[in-house]
Protein chains: 2
Amino acid sequence: MTVVATLSTRTRLIATARDYLDAEGLDGIGLREIARRAGLSHGAPLRHFPTLGALLAAVAAEGFRDLQRSVDHALVLADPTAPRERLAAAAYGYVRFAAANPGVFGLMFRSDLCDTSDSEYATEGSAAFGQLVDLVVDAQASGFHPGAVPAELAGVLWSTMHGLASLHLHDALAPTTGQTDLDALVRLANLLAFGVSTPPPEELS
Amino acid sequence: MTVVATLSTRTRLIATARDYLDAEGLDGIGLREIARRAGLSHGAPLRHFPTLGALLAAVAAEGFRDLQRSVDHALVLADPTAPRERLAAAAYGYVRFAAANPGVFGLMFRSDLCDTSDSEYATEGSAAFGQLVDLVVDAQASGFHPGAVPAELAGVLWSTMHGLASLHLHDALAPTTGQTDLDALVRLANLLAFGVSTPPPEELS
DNA sequence: AAAAGTAGTAGACAGTGTCTACGAAATAGT
DNA sequence: ACTATTTCGTAGACACTGTCTACTACTTTT
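Since we're looking at a predicted model, the values are computed, not measured.

Notes on the overall build of chain A
A count of helices and strands for chain A gives 8 helices and 0 strands. In terms of overall dimensions, chain A has C-alpha extents of about 55 × 40 × 30 Å along its principal axes. Here chain A holds 205 residues, and the buried ones make up 44% of them. Within chain A, contacts between residues separated by at least 24 positions form 62% of all contacts whose residues are at least 6 apart in sequence.

Some details on helix H4 (residues 83–100) of chain A
An ideal rise of 1.5 Å per residue puts 26 Å on 18 residues; H4(A) measures up with 26 Å between its terminal C-alpha atoms. In terms of burial, H4(A) is largely enclosed, as 15 of its 18 residues are buried.

Quick notes on the protein's contact with DNA strand C
Taken together, 17 residues surround DNA strand C, and among them A:Ser41, A:Gly43, B:Gly30, B:Leu31 and B:Leu52 come closest. Of all the elements in the fold, those that place two or more residues in the surface near DNA strand C are helix H2 (31–37) and helix H3 (52–76) of chain B. Of the residues forming the surface near DNA strand C, the biggest block, 3 residues, is contributed by H2(B). Looking at the surface near DNA strand C residue by residue, the classes come out as 6 nonpolar, 8 polar and 3 charged.

Comments concerning the confidence of the model for chain A
Per-residue pLDDT for chain A has a mean of 93; in total, 93% of the residues score no lower than 70. pLDDT under 50 marks residues 1–5 of chain A. Its contacts with residues more than four places away, or in other chains, come to 0 contacts.

Some words on the relation of the copies chain B and chain A
One copy of the chain maps onto the other through a rotation about an axis followed by a shift along the same axis. Between the two copies, chain B and chain A, the superposition gives an RMSD of 0.0 Å; the rotation angle is 180° and the shift along the axis is 0.0 Å. With respect to symmetry, the two chain copies, as superposed, fit the operation of a two-fold axis. A share of 97% of interface residues in chain B that are also interface residues in chain A marks the association as one of identical surfaces.

Remarks on the interface of chain B and chain A
Each side of the interface is counted separately: chain B has 33 residues, and chain A has 32 residues. Elements represented by at least two residues in the side of chain B that touches chain A include exactly helix H6 (119–141), helix H7 (150–169) and helix H8 (182–194) of chain B. Split by residue class, the side of chain B that touches chain A holds 19 nonpolar, 11 polar and 3 charged.

Some words on the packing of helix H1 (residues 9–24) of chain B against H3(B)
Pairs of packed helices are described in terms of their axes, by the angle between the two and the distance that separates them. All names here are of chain B. Two elements in contact, H1 and H3, have axes whose closest approach is 10 Å; the angle formed by their N-to-C orientations is 75°. Between H1 and H3, the angle is such that the two are roughly perpendicular. Residues Leu 13, Ile 14, Ala 17 and Arg 18 of H1 form the contact with H3, whose own contacting residues are Leu 55, Leu 56, Ala 58, Val 59 and Glu 62. Considering only residue class, the contact of H1 with H3 consists of 7 nonpolar, no polar and 2 charged.

Quick look at the protein's contact with DNA strand D
Taken together, 18 residues are adjacent to DNA strand D, and A:Gly30, A:Leu31, B:Thr9, B:Ser41 and B:Gly43 come closest. No other element matches the 3 residues that helix H2 (residues 31–37) of chain A contributes to the surface near DNA strand D.

A look at unusual backbone geometry
Residues and elements named next belong to chain A. For His 145, which is not glycine, the phi torsion reads 40° and is therefore positive. In this fold, His 145 is placed in the loop between helix H6 (119–141) and helix H7 (150–169). One non-glycine residue, Asp 171, lies in positive phi territory at about 55°. Structurally, the position occupied by Asp 171 is in the loop between H7 and helix H8 (182–194).

Here we look at the packing of H3(B) against H6(B)
Residues and elements named next belong to chain B. It is the contact of H3 with H6, at a shortest axis distance of 8 Å, that shows an interaxial angle of 15°. The orientation of H3 with respect to H6, classified from their angle, is roughly parallel. Here H3 runs over H6; the crossing is left-handed. Of H6, the residues touching H3 (which contributes Ala 57, Ala 58, Ala 60, Ala 61, Phe 64, Arg 65, Leu 67, Gln 68 and Val 71) are Glu 120, Tyr 121, Glu 124, Gly 125, Ala 127, Ala 128 and Gln 131. Split by residue class, the contact of H3 with H6 holds 10 nonpolar, 3 polar and 3 charged.

Quick notes on the environment of B:Tyr20
Tracing the backbone through its elements, the reader meets B:Tyr20 in helix H1. Distance in space between the C-alpha atoms of B:Tyr20 and B:Glu152 is 35 Å, their sequence separation being 132 residues.

What to know about the environment of A:Gly25
Residue and element names in this part refer to chain A. For Gly 25, the location among the structural elements is in the loop between helix H1 (9–24) and H2. Taking the C-alpha atoms as reference points, Gly 25 and Gly 103, separated by 78 residues in sequence, lie 4.6 Å from one another. Not counting residues up to four positions away in its chain, the partners in contact with Gly 25 are Pro 102 and Gly 103.

Some points on the environment of B:Asp66
Residue and element names in this part refer to chain B. Note that Asp 66 resides in helix H3. In this structure Asp 66 comes out as partly exposed when scored by C-beta crowding, with 19 C-beta atoms within 10 Å. Sequence spacing of Asp 66 and Leu 167 is 101 residues, and the spatial spacing of their C-alpha atoms is 21 Å. For Asp 66, the residues in contact, after removing those within four places along its chain, are Phe 97 and Asn 101.

Calculation rules
Along each chain, residue indices are assigned from 1 in the same order as the chain's sequence is written. By the order in which they are written, chains take letters starting at A while ligands take numbers starting at 1. Reporting in this predicted model follows two pLDDT cut-offs: at least 70 for local features of residues, and 80 or more for side-chain atom pairs to be given and counted; totals over whole chains, interfaces and linings ignore these cut-offs and use all residues. Strands are runs of DSSP state E lasting at least 2 residues, helices are runs of H or I lasting at least 4, and numbering of each runs from the N terminus. Three exposure classes are used, all based on how many other C-beta atoms lie within 10 Å of a residue's own C-beta (placed from the backbone): buried at 20 or more, exposed at 12 or fewer, and partly exposed between those limits. Here contacts are defined at the residue level, using C-beta atoms placed from the backbone and a cut-off of 7 Å between them. Each residue after the first adds 1.5 Å to the expected span of a helix. To decide whether a residue is near a molecule or strand, its C-beta atom is placed from the backbone and checked for lying within 6 Å of it. Polar here means any residue outside two lists: the nonpolar Ala, Val, Leu, Ile, Met, Phe, Trp, Tyr, Cys and Pro, and the charged Asp, Glu, Lys and Arg; Gly therefore counts as polar. Summary of the metric used: pLDDT quantifies the predictor's per-residue confidence within the range 0 to 100. Copy-to-copy alignment: least squares on C-alpha atoms, limited to residues at pLDDT 70 or above in both. Axis definition: a line fitted to C-alpha atoms, limited for helices to the stretch in contact. Angles are taken between N-to-C directions and run from 0 to 180 degrees. Roughly parallel means an angle under 35 degrees; roughly antiparallel means over 145; roughly perpendicular covers 65 to 115; every other angle is labelled oblique. Crossings are sorted by hand: turned counterclockwise from the far helix by less than a right angle, the near helix makes the crossing left-handed, and turned clockwise it makes it right-handed.

So this is what it looks like as structure tokens:
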């Protein structure tokens, strides 16, 4: 076998698909287009994925991992002793990932494109949700709506972040002005939900 | 011309598309399929809409009108003197529309399917947002976050409802249990945002 | 060295959206 | 009333898609 540097075709296909999403969005994505960009014949991807949906599910699973990383990265900047501040920081991490990676983020929730029965896809999606549930449990232990069901509370918070990110990407927020200050909306959402007014972090990535 | 009852082909196409969405969801929707179900040849719809996206934008615009109606309907049951309760009622109206009409609701926010430059689509979408802004302004006048920008506040609340509805339709909420009590989540979201614990209304539709 | 399996190619098939030429039917103009 | 013209639906074509099936090299195993 080759010693180094030859990415397996399978991982190269995933990377190519991801590049396409970052460059063009998810509008014109397809099996033949990915194969073309990877320098392969149109049928080659089906040797590694049973269907287009399976390929995209693998890309989306990677997206869920990156999403968790983005949230983790936002958390290291937050006060570890203030659970509500940590939830607020996670919100920034979530929304910023969506804003920085609109293609993959859009793909991750398109069940008509991703094969949602893919086990890796399901695993990573649940892991991302579990990350949020853990934060919620910590916050509840310190007095934040201690009576609520953790998964329900996490679902509501996830929904707020997800709604902000989705509507922002669809330009559905502020239909009059056209320009949206996403950070300001997250800050307001955090104020509503947690009662804390945490300014947006300033790091890049 | 015929005296009555002959729906113009244009409106019949819209109705046919809507029927399809209600019956099959938006997965296999297409120009030829709609034409087939309307009993027309595959090219006929293009005599009335320049493109598939234009037809779907018309369907989505109708969906936005129905959404506003659903919110209005929820509002008549709410105490007209309690603006926060009214916001909570609007949340139920929004989410219940989405749950009852998953096809059209999904379509309304799919900019790759709808021609978002369609003027009717833009008008109805803004009108639905404006409906929420009005409620927010009333609530602010009675002391609910009076310092916030109304459109931003409305954006955050819209996002929460929208996120709940979207994630619910994608089965992304409660990935462990599989079954979600959507009303309970809306009630919890209202508690977080408005501090009111309004039980879900019980009427059908 | 022969056999078996892997991975890529190329062609076909049914399906899509959109374009074009064509025909029929209703309408408008004189 | 008889053209002329516009309206509306049909049918065929074109380029494209995802998936399936042979076929062909190249590896790996035995």
